[in-house]
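Read off the chains here:
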Amino acid sequence: MGEAVIRSNDMPTFATTPQTIGSSLIPVINKLQDILASSGTELSDISLPQVAVVGSQSSGKSSVLEALVGRDFLPRGCDICTRRPLVLMLENRPPNSGDDTSEWGEFRHLPGRRFYDFFQIRREIQAETEREAGCNKGVSDNQIRLKISSPNVLNMTLIDLPGITKLPVGDQPRDIEERIRRMIMSYIKDENCIILAVSPANSDLATSDALQIAKLADPTGSRTVGVITKLDIMDRGTDGCNFLLGRVVPLKLGYVGVVNRCQEDINKNRSIQDALAYEEQFFCDHPVYNYVSDHCGIPKLAKKLNQILEQHIRRNFPRLKAELNSRMRAAMKELQTYGELVESKAEQGAILLDLLRRYCDDFSAMVDGKSQDISTKELRGGARILYFLKSMFVEPLEEMDPFEHLTDEDIAYALKNSSGLRNVLFVPEVPFEVLVRRQIAQLSDPCHQCLQIVYDELIKISRACESSRLQRFSYLRRCVNEAVRKFLDAAAKPAETMIQNLIEMEMDYINSWHPKFIGGNRAVELAALQMRTSEERSNIERGQASMKSQISQSVARSNGVPKQGNPQSNNERPISAGGISSSRTWAISSIFGSRLSSVESPAVGSLEGSLHEVDHMLSTIQLREPPSTLRPTEMLENEATEIIITKMLVQSYFDIVRKNIQDSVPKAIMHFLVNHTKRNLHNTLIQILYRENLFEELLQEPDEFVARRKHLQELLRVLRHAVKMLNEVDSDVETQHKTTTSGADANPDLSNGMYHSLSPGLGN
């Protein structure tokens, strides 16, 4: 009876209506889910339109799903029954005349095996759940995918999620409620997911767990469908009309009321067809629900979900197609980097030559600034080398002090030591050459450091040139890196030798007739001018100090302050009548007597007494021991002039050498190292690596590369299949869209979409 009701009243409506979008699109989406699921987790993030069923335990979720299918196939019990997400794909298939096996189910984890006994489907769901989640009420977020093909269902995809529980039972963790809520949210937060919120009529709808969690994911209620179960067991005198009309908790997609089989019906094996017949009779006989029949019954719910899913797929069809095409292009691009697996020696040799050529071309392009991948964030390649040569070599040398680690005292000692036993009349040439060579030698370290910096940068460039194709062959990559390093080592040696020769050339011969060299005569003139200027400045300063002293003394006398000390200053030396200092004539007066002291001496002195006195004095003078290190403290005026002249000569010649080094060292590095590498690296790599006996070893791929290529090939096959299916129904979508638009005036409900026809207030 129940089956007759379904087929006579509702199901024939779908069987006899013209083909809709859902009749072609929903099966395509179901197939697309199967195809994408076959790729593992690679395409799991692609969002497909689907319906997620949420509700608390014992809310009647399982009964609703079984009624939509028309078969008993879900696990039953008083505790939690759904412990893993069950992806249920319903496929409407025309019945075959005389075929008793027109309904069957197939699990994704058992491809090719069809279950015609729905009791066996229930047992397989239980067994698969226990394999993953255990036997003691544990839960898991790994899906079970089941496709049911039947002429008695409408095309749609449903996801049965575990019921929301409050207290843990069995081996469930203490946070079981939080885990289940997170699992549910991971599905319903997707904008392409229609939420089927199941709530029992014998509880307060305002506190429904299903509606509360649905509101978190869908605050506006634009993609939530409410299902009110157990309307037949409400208290007498009450009804769920306000629930169904959306007056308690409004939803844009409205509500549908259903009547479930009770536990007694299940225990007595009451068929779903009988239950559907009872449901229809209940709503027809009820004085309230008879007026809101559009909101009541499993057939109405099935049709409503089918229409909603159709509309949802149609809106998301362009986005889904664009995303699949984008994924397919990305997979093709990545697969190209892995290349094809080759076996013959000729193909291996061709691949090796192509890899080496591309590698060297990329190296030269990066050095010359012609790389296709030009960075906009930092300096790379040749630009870095140029920066090093200018900012880290030429400019620091320009700022280098010619007299670094060379003081005036060092120069003075060098001048004195070079004169030996003779007093020097002119500035000697030897100390100048010694000092300038010593300063030139300090240029050696910066030059070799510059060479090392450029060498390191070429190593970095060589690593940056490793394309994805070269990385595919790890052993070849290591061999190329080793060959490039040896090549750069060999190229750096002549560059290093050239730099050393440049320094030694400058030190070996001092070109004193260089046109830019200041020369001795000019240095003497400038030194004399500098000395005169310095002396004049000193005289001015002494005059200013003397004037200040006289002013101070005048002020002191005017204030009555007596002059302290002897009339003759302690710093002034007594002058003899002849104008000769007493200190200069002390020895003479001591030896031969002094006329100034003859008045005080005896009138007659004996010659023997004087000689005896002289001998006595000479015997009392003792010379000091000479120090081990002799450093004169006094500097004569001519010595200061010689120091100035020497410094001018050293600075002038050092500037000449510095310019030569600043120009020659970068040229040597570029010639012997950089340009030599660009010209000869390719030939060197071919000579070292292009050997037929090495082809197989060099082109050996790692296992992960082989596995990745195989995975990409399978992924590309899946995506191409998916895109092909979407292209096949694309024209149907456009045709149906035009038909729907043209018929909008004839059918006002369709002009506002099926959402208008399913609005909560339609039953009023």
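What comes next is a walk through the structure. Everything quoted here is computed from the prediction, not taken from an experiment.

About the cut-offs
- Residues numbered from 1 in each chain as written.
- Predicted model: local features only at pLDDT ≥ 70, side-chain atom pairs only at ≥ 80, totals over all residues.
- Heavy atoms only, no water.
- Helix = DSSP H or I, 4+ residues; strand = E, 2+ residues; numbered from the N terminus.
- Buried < 20%, exposed > 50% of the residue type's maximum accessible area, 1.4 Å probe, protein only.
- Contact = heavy atoms within 4.5 Å.
- Core = buried A, V, L, I, M, F, W, Y, C linked by side-chain atoms within 4.5 Å.
- Polar contact = N/O pair within 3.5 Å; in protein donor to acceptor, adjacent residues only side chain to side chain.
- Pairing = 2+ DSSP bridges.
- Axes fitted to C-alpha atoms, helices over the stretch in contact; angles between N-to-C directions.
- Phe/Tyr/Trp six-rings, centres within 6.5 Å; stacked < 30°, edge-to-face > 60°.
- Lys NZ or Arg CZ within 6 Å of the ring centre and 35° of its normal.

From N to C terminus, the protein includes 25 helices and nine strands. Relative to its 764 residues, the protein shows a buried fraction of 42%. In the protein, the share of contacts with a sequence separation of at least 24, taken over all contacts with a separation of at least 6, comes to 82%.

A word on the nonpolar core. Grouped together as the largest cluster of nonpolar side chains are 70 residues, with contacts concentrated most on Tyr359, Leu458, Leu476, Ile661, Leu673 and Leu685. For this core, the elements supplying multiple residues, two or more each, are helix 11 (345-368), helix 12 (382-398), helix 13 (408-419), helix 14 (429-440), helix 15 (444-464), helix 17 (474-508), helix 21 (637-689) and helix 22 (695-698). In terms of residue count, helix 21 provides more of this core than any other element does, 16 residues in total. In this structure Leu458 touches Phe363, Ile385, Leu488, Leu673 and Val674, once residues within four positions along its chain are discounted. Ranked by size, the runner-up nonpolar core spans 69 residues in total, among them Leu68, Ile308, Leu309 and Phe705.

Right, let's get into helix 6 (residues 209-217). Counting along an α-helix, one turn takes 3.6 residues, and residues three or four places apart therefore face a common direction. Taken together, the buried positions of helix 6 are occupied by Asp209, Ala210, Leu211, Ile213, Ala214 and Ala217. At its buried positions, helix 6 is contacted by strand 1 (50-54), helix 5 (176-188), strand 7 (193-200), strand 8 (224-229) and strand 9 (255-257). Sitting at the amino-terminal end of helix 6 is Ser208, which places a side-chain oxygen 3.4 Å from the backbone nitrogen of Ala210.

Strand 8 sits mainly inside the fold: six of its six residues count as buried. Of the two faces of strand 8, the one carrying Thr224, Gly226 and Ile228 and the one carrying Val225, Val227 and Thr229 are both buried. Looking at chain direction, strand 7 and strand 8 are connected through six bridges and run parallel. When the bridges of strand 8 are listed, Ser199 appears paired with Ile228. Examined bridge by bridge, strand 8 and strand 9 share three bridges and lie parallel to one another. In the strand pairing of strand 9, Gly226 is matched with Tyr255.

On to the sheet that holds strand 4 (residues 114-115). Spatial strand order, 4-3-5-2-6-1-7-8-9: nine strands in an open sheet with mixed pairing. Taken across any chain shown, the strands that pair with only one partner, and hence form the sheet edges, are strand 4 and strand 9. For strand 3 (residues 104-107) and strand 4, the ladder comprises two bridges, and the chain directions are antiparallel. Residue pairing in the sheet places Glu106 in a bridge with Arg114 of strand 4. On top of the sheet, helix 6 reaches strand 1, strand 7, strand 8 and strand 9; it is set at about 155° to strand 7, its chief contact.

We now examine the pairing of strand 7. Strand 7 sits mainly inside the fold: eight of its eight residues count as buried. Residues Cys193, Ile195, Ala197 and Ser199 of strand 7 are buried on one face, and the alternating residues Ile194, Leu196, Val198 and Pro200, pointing to the opposite face, are buried as well. Bridge analysis of strand 1 against strand 7 gives five bridges, and the strand direction is parallel. Looking across to strand 7, one finds that Ala52 is bridged to Ile195.

It is worth spelling out the packing of aromatic side chains at this point. Tallying each qualifying case throughout the model produces seven aromatic pairs. Between Tyr690 and Phe695, the aromatic rings sit 5.2 Å apart at their centres with planes inclined by 55°, giving tilted as the arrangement. Assessed through its relative accessible area of 34%, Tyr690 is described here as partly exposed. Cluster of aromatic residues (ring-pair linked, three or more members): Tyr278, Phe282, Phe283 and Tyr289. Taking NZ or CZ as reference, Lys647 lies 5.1 Å from the ring centre of Phe403, over its face.

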